[in-house]
Every structure is written in structure tokens, then in C-alpha cells.
Amino acid sequence: MRFSGHGPRHPDDVVIGPLDLSAHVDEALAVQAVAFGLGADEVAVRRQIVLRHMTYPGARALGATLAGRLVGFVYGMPNDRSHWWSTVVEPYLRAQGHDGWLDGSFVITELHVHPHYQNRGLGRSLITSITDTATEPRSILSAIDTVSPARGLYHSLGYEDLARQVLFPSAPKPYAVMGAPLPLRRR
């Protein structure tokens, strides 16, 4: 698998570029459902959340497509302390002395790559591409608080744990909130 822009185009080039997430929400959520193990009911709830998020100022998305098929996506936005996510994580961050990270940060809201295309650099390319265009000096995100390839990726990019064992309502597992200065670290 190659990324477009590296030599002549080839049928198995993955193209990373802007994604109209509102128009492709079902395609994106199908990727997320497979990557994250979501059921139909949870996908329906997340659909409304994604559509609402895309109306927020500065919200943007990138997609990774292969032969016109979406195989990965990322979206995020400048953080706002009034957003639901911020209101949940703020007490955990404050307890660790890190609640200042909620200001001047670009939030990675979702990053998912279809399992058949993981471990090929797509997640890294998606997150670095979206944060490279951020005007904020840093980025924050949350990830399931366990040793995982996703957390390994975030750590390799310079994200550090700001708070752990963060409980989101209705989430069965605790999360870690992570932050990194921008631009993200390159290998």
C-alpha cells in the first residue's frame, strides 16, 4: 500500500484528503463500527453526535480512501469548554493539574482505520495531516485506558497521559485523556 503523492498513481494508492463527513457519515460509521466493535444502536447514537459536531466552528475531517472506498477517517475541532466531552474530562484534568489543556487545544474526536488497513501508517498519516492544519498550539484526545496499538501510536506522536481512568457515562471501560504539543512528533 502506498500513499498518493509518492510517484505515479497506482490502483492501490490510498488517498488522504478532506472528507465531507456529514455527507459520508454512514460510510465513516461503518468503518468505526468494524474498528471499534459498535452495534447498530450505538452507531445510530453516534450518527447524531457526528452530525452535530460537524456544525461546530472549525470542525473538520479527513478521509483515507482506496479506489474510492473509505478505509479510515479522522475528525476534530478546536476545543470548547462548553462541549460535553470537555465537561466530562475537566474534573479529571483539574485533579491532575492539567485543566489548562482544555484551552487552546485541537481535539481529535475520532480516529478509526478499518482493521484490514491497520498497521500501515494510515492512522499516523490521518492524525498528523489534520493536526498540521490546526492553529492551536496543542492537541488533546481520549483513548481507552489500556495498552493498545492506538495508545502506542499516540505516545509515538508525542501525546502524554494527562488523566487516566476517566469514566464517560455509558462507556464500559475507562479512558485516558492525552495531550501533545503541535506539531506532532515525527519519527
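Here is what the cut-offs are and how they apply
- Residues numbered from 1 in each chain as written.
- Predicted model: local features only at pLDDT ≥ 70, side-chain atom pairs only at ≥ 80, totals over all residues.
- Heavy atoms only, no water.
- Helix = DSSP H or I, 4+ residues; strand = E, 2+ residues; numbered from the N terminus.
- Rg over C-alpha atoms; globule rule 2.2 N^0.38 Å.
- Contact = heavy atoms within 4.5 Å.
- Areas by Shrake-Rupley, 256 points an atom, 1.4 Å probe, with all protein chains shown as cover.
- Lys, Arg positive; Asp, Glu negative; His and termini not counted.
- Charge placed at Lys NZ, Arg CZ, Asp CG, Glu CD.
- Salt bridge = Lys/Arg side-chain N within 4 Å of Asp/Glu carboxyl O.
- Buried < 20%, exposed > 50% of the residue type's maximum accessible area, 1.4 Å probe, protein only.
- Phe/Tyr/Trp six-rings, centres within 6.5 Å; stacked < 30°, edge-to-face > 60°.
- Lys NZ or Arg CZ within 6 Å of the ring centre and 35° of its normal.
- Axes fitted to C-alpha atoms, helices over the stretch in contact; angles between N-to-C directions.
- Parallel < 35°, antiparallel > 145°, perpendicular 65-115°, else oblique.
- Left-handed = near helix turned anticlockwise from the far one by under 90°.
- Nonpolar A, V, L, I, M, F, W, Y, C, P; charged D, E, K, R; others polar.
- Pairing = 2+ DSSP bridges.
- Right-handed = clockwise from strand over helix to strand, strands pointing away.

Focus on the overall build of the protein chain
Looking only at helices and strands, the protein chain features five helices and eight strands. Moving toward the C terminus, one meets the helices and strands of the protein chain in the order β-β-α-α-β-β-α-β-α-β-α-β-β. Computed over C-alpha atoms, the radius of gyration of the protein chain comes to 16 Å, within 12% of the 16 Å expected from 2.2 N^0.38 for 187 residues, which places it in the range of a compact globule. A principal-axis box enclosing the C-alpha atoms of the protein chain has dimensions of 50 × 40 × 35 Å. Nonlocal contacts in the protein chain, meaning residues at least 24 apart in sequence, comprise 65% of its contacts between residues at least 6 apart. For the protein chain, the computed accessible surface area is about 9500 Å², with 55% contributed by carbon and sulfur atoms. Across the protein chain, the mean location of the 18 positive side-chain charges is 5 Å away from that of the 17 negative side-chain charges.

Re the environment of I108
Here I108 lies in strand β5 (residues 105-113). With 32 residues separating them in the primary sequence, I108 and G76 have C-alpha atoms 4.5 Å apart. Once residues within four sequence positions are removed from consideration, I108 is found in contact with V74, Y75, G76, I127, I130, T131, S139, I140, L141 and Y159.

Side note on the pattern of salt bridges
Per the stated rule, a full pass over the model turns up 11 salt bridges. The partner of R151 in a salt bridge is D145, with the nearest N and O atoms 3.7 Å apart. The two residues R151 and D145 agree in class, both being buried. Three or more residues joined by partner-sharing salt bridges are found here, namely D145, R151, D161 and R164.

Describing the packing of aromatic side chains
A complete count under the given rule lists three aromatic pairs for this structure. Aromatic side chains Y154 and Y159 sit 5.9 Å apart centroid to centroid with 65° between the ring planes, which places their arrangement in the edge-to-face category. An identical accessibility class is assigned to Y154 and Y159; each is buried. Aromatic side chains F168 and Y175 sit 5.2 Å apart centroid to centroid with 90° between the ring planes, which places their arrangement in the edge-to-face category. Of the aromatic side chains, those joined through ring pairs into one cluster are W84, F168 and Y175. The aromatic ring of W101 is capped on one face by R138, whose charged end is 4.8 Å from the ring centroid.

A word on the packing of helix α1 (residues 25-36) against helix α2 (residues 40-53)
Helix packing for two helices is described by the angle between their axes and how far apart those axes are. At a closest axis distance of 10 Å, the pairing of α1 and α2 adopts a crossing angle of 130°. When the interaxial angle is binned, α1 and α2 end up oblique. In this structure, α1 meets α2 at a crossing whose hand is right-handed. Here V25, D26, L29, Q32, A33 and F36 of α1 lie close against α2, whose contacting residues are V43, R46, R47, V50 and L51. When its residues are assigned to classes, the contact of α1 with α2 shows seven nonpolar, one polar and three charged.

What to know about helix α4 (residues 122-132)
Side chains that are three or four residues apart share a direction in an α-helix, a result of its 3.6 residues per turn. Burial within α4 is extensive, with nine of its 11 residues counted as buried. Buried within α4 are the following residues: L122, G123, R124, S125, L126, I127, T128, I130 and T131.

Describing the pairing of strand β6 (residues 138-144)
Pairing of β5 with β6, which is carried by four bridges, proceeds in the parallel orientation. When the bridges of β6 are listed, F106 appears paired with S139. Crossover β5 to β6 through α4 is right-handed. Pairing analysis gives seven bridges linking β6 to strand β8 (residues 175-181), with the strands arranged antiparallel. Across the sheet, I140 pairs through a bridge with G179, a residue of β8.

A closer look at the environment of I130
Summarising the element assignment, I130 is placed in helix α4. Along the sequence, I130 and D80 sit 50 residues apart, while their C-alpha atoms lie 18 Å from each other. Among all residues touching I130, those that are not within four sequence positions of it are R60, A61, L62, V74, Y75, G76, F106 and I108.

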